[in-house]
Amino acid sequence: MNAPQTTSNALATRQENMPVRAGFFDAAGFDLMQRVAKAFSSSTLVPAQYQNQVANCMIALNLAQRLKADELMVMQNLYIVHGNPGWSSKFLIASVNTCGRFSALRYEWRGEKNAADFGCRAWAIERESGERLDGAWVDWSMVRAEGWDKKNGSKWKTMPEQMFIYRAAAFWQRAYAPEISMGLSTAEEMQDVIDISADGSYTITQEPQRADVRQASVVEQSAQDIPMCTPEHFEAKTAEWRDLIQSGRKTPAQLVAMIQTRQTLTEDQKLTIDSWAHEND
């Protein structure tokens with residue numbers, strides 16, 4: 001007679017003992033995230049845009065959770081440039097270098113200094129396939145055509161080599177690992193497209209969108225040479241790929257992005273990959 005009650009009590013106890021996961025969409029998780037954010041906002045070690053700004057801290061905590069990155073590191077590398085959030089380039093480079101999918105980013109240079117074709121591109125080796133992945137070239141002709149070196153306080157005038165590296169790395173990451181930046185531009189890119197007037201007003205050009213279009217066309221052209229993932233290959237790799245999802249090492253979107261750098265998946269194959277994340281629901 002007491003068995004159902006005992007089972008119910010045991011289930012309730014297990015639920016009470018389950019750890020709370022910080023997040024926006026349940027009361028306990030939201031309360032936990034708010035308390036953690038309040039602690040960070042009271043610290044003088046976080047950048048000024050997070051001090052006494054609980055809401056900003058909560059957004060940064062959410063990004064850190066989704067990226068599986070250290071919370072303080074995210075806050076120290078997520079900048080607000082005239083109201084627009086952007087990552088520091090060095091953070092994105094470090095994220096690519098430590099994600100485990102690629103070798104460390106390297107840079108190939110061409111041309112003579114100050115010549116129109118002087119510039120660089122980023123490249124890395126994909127660990128799983130051994131393929132070299134080349135990014136888009138960034139050279140002086142692009143810099144001058146876009147007017148990046150004409151902005152007030154432009155770093156292109158004082159440290160051009162470093163800016164070439166930052167731009168080339170951002171283009172490479174956007175092409176081959178877009179999930180790392182979660183759709184945000186770099187702070188250096190945004191500084192290149194914001195022009196500040198003497199009265200303190202500023203205008204923002206549409207260069208990030210143009211860069212995305214140029215980069216997308218490069219990726220689309222490259223994709224034409226990428227073979228389809230055959231049903232036989234997909235079946236042979238299913239166990240390995242499913243384990244990446246179920247172990248939490250990759251989300252379905254991350255796995256699809258990784259596979260499609262060397263093979264094109266069908267819509268059915270993408271749906272199958274997505275279903276692996278819900279097998280234990």
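Scroll up to find the structure.
Residues numbered from 1 in each chain as written. Predicted model: local features only at pLDDT ≥ 70, side-chain atom pairs only at ≥ 80, totals over all residues. Heavy atoms only, no water.

Trainee: I keep staring at the pattern of salt bridges and nothing clicks. Help me out?
Mentor: Side chains that carry opposite charge are capable of pairing whenever their charged atoms lie near each other. All chains considered together, the criterion is met by 14 salt bridges. Between Glu126 and Arg262 there is a salt bridge, and its shortest N-O distance comes to 3.0 Å. Linking Glu126 in the loop between strand S4 (119-125) and strand S5 (132-134) with Arg262 in the loop between helix H11 (252-259) and helix H12 (267-276), this pair joins segments that are 136 residues apart in sequence. Per residue, the accessibility class of Glu126 equals that of Arg262, and both read buried. (Salt bridge = Lys/Arg side-chain N within 4 Å of Asp/Glu carboxyl O. Helix = DSSP H or I, 4+ residues; strand = E, 2+ residues; numbered from the N terminus. Buried < 20%, exposed > 50% of the residue type's maximum accessible area, 1.4 Å probe, protein only.)

Trainee: What is the right way to look at the packing of aromatic side chains in this model?
Mentor: Taken as a whole and assessed by the stated rule, the structure comprises twelve aromatic pairs. One aromatic cluster is present, built from ring pairs that chain together Trp109, Phe118, Trp140, Trp148, Trp156 and Phe164. Taking the ring centre of Trp137 as reference, the NZ or CZ of Arg110 above it sits at 4.2 Å. The lysine or arginine in question, Arg132, covers the ring of Trp123, its NZ or CZ lying 4.2 Å from the ring centre. (Phe/Tyr/Trp six-rings, centres within 6.5 Å; stacked < 30°, edge-to-face > 60°. Lys NZ or Arg CZ within 6 Å of the ring centre and 35° of its normal.)

Trainee: I tried to follow the environment of Lys270 on my own but got confused; where do I start?
Mentor: Within the secondary structure, Lys270 sits in helix H12. C-alpha of Lys270 to C-alpha of Pro252: the two residues are 18 residues apart in sequence and 8.2 Å apart in space. Residues within four places of Lys270 in sequence aside, it is in contact with Val256, Gln260 and Leu265. (Contact = heavy atoms within 4.5 Å.)

Trainee: Would you mind going over the nonpolar core with me for this structure?
Mentor: Soluble globular proteins tend to bury their nonpolar side chains together. Grouped together as the largest cluster of nonpolar side chains are 45 residues, with contacts concentrated most on Val74, Leu105, Val138, Trp156, Phe164 and Trp172. At the level of secondary structure, the elements contributing two or more residues to this core comprise helix H2 (27-41), helix H3 (54-67), helix H4 (71-77), helix H5 (89-98), S4, helix H6 (140-146) and helix H7 (160-176). The element best represented in this core is H7, accounting for nine residues. Core analysis: the second largest hydrophobic core is formed by twelve residues, Cys229, Trp241, Ile259 and Leu265 among them. (Core = buried A, V, L, I, M, F, W, Y, C linked by side-chain atoms within 4.5 Å.)

Trainee: Would you take a moment to explain the environment of Asn77 for this structure?
Mentor: For Asn77, the location among the structural elements is in helix H4. In this structure, Asn77 is in contact with Gly86, Trp87, Ser88, Lys90 and Phe91, ignoring residues within four places of it in sequence. Within the local environment of Asn77, its side chain forms a polar contact with the backbone oxygen of Met73, the two atoms lying 2.8 Å apart. (Polar contact = N/O pair within 3.5 Å; in protein donor to acceptor, adjacent residues only side chain to side chain.)

Trainee: Which parts of the structure should I look at to understand the packing of H2 against H3?
Mentor: Geometrically, a packed helix pair is captured by the angle between its two axes and the distance between the axes. Axis separation between H2 and H3 bottoms out at 8 Å; the angle between their running directions is 115°. With respect to each other, H2 and H3 are oriented roughly perpendicular. The crossing of H2 and H3 is right-handed. Between H2 and H3, the contacting residues are Phe30, Met33, Gln34, Val36, Ala37, Lys38, Phe40 and Ser41 on the first element and Val54, Cys57, Met58, Leu61 and Asn62 on the second. (Axes fitted to C-alpha atoms, helices over the stretch in contact; angles between N-to-C directions. Parallel < 35°, antiparallel > 145°, perpendicular 65-115°, else oblique. Left-handed = near helix turned anticlockwise from the far one by under 90°.)

Trainee: Sorry, what's going on with a nonpolar patch on the surface here?
Mentor: Residues Phe24, Phe25 and Phe30 make up a contiguous nonpolar surface patch of about 340 Å² in total accessible area. Its place among the elements puts Phe24 in the loop between helix H1 (3-17) and H2. Of the residues examined, Phe24 reaches a relative accessible area of 30% and is grouped as partly exposed. (Patch = residues over 30% accessible without salt bridge, like charges linked within 9 Å, V, L, I, M, F, W, Y side chains within 5 Å. Areas by Shrake-Rupley, 256 points an atom, 1.4 Å probe, with all protein chains shown as cover.)

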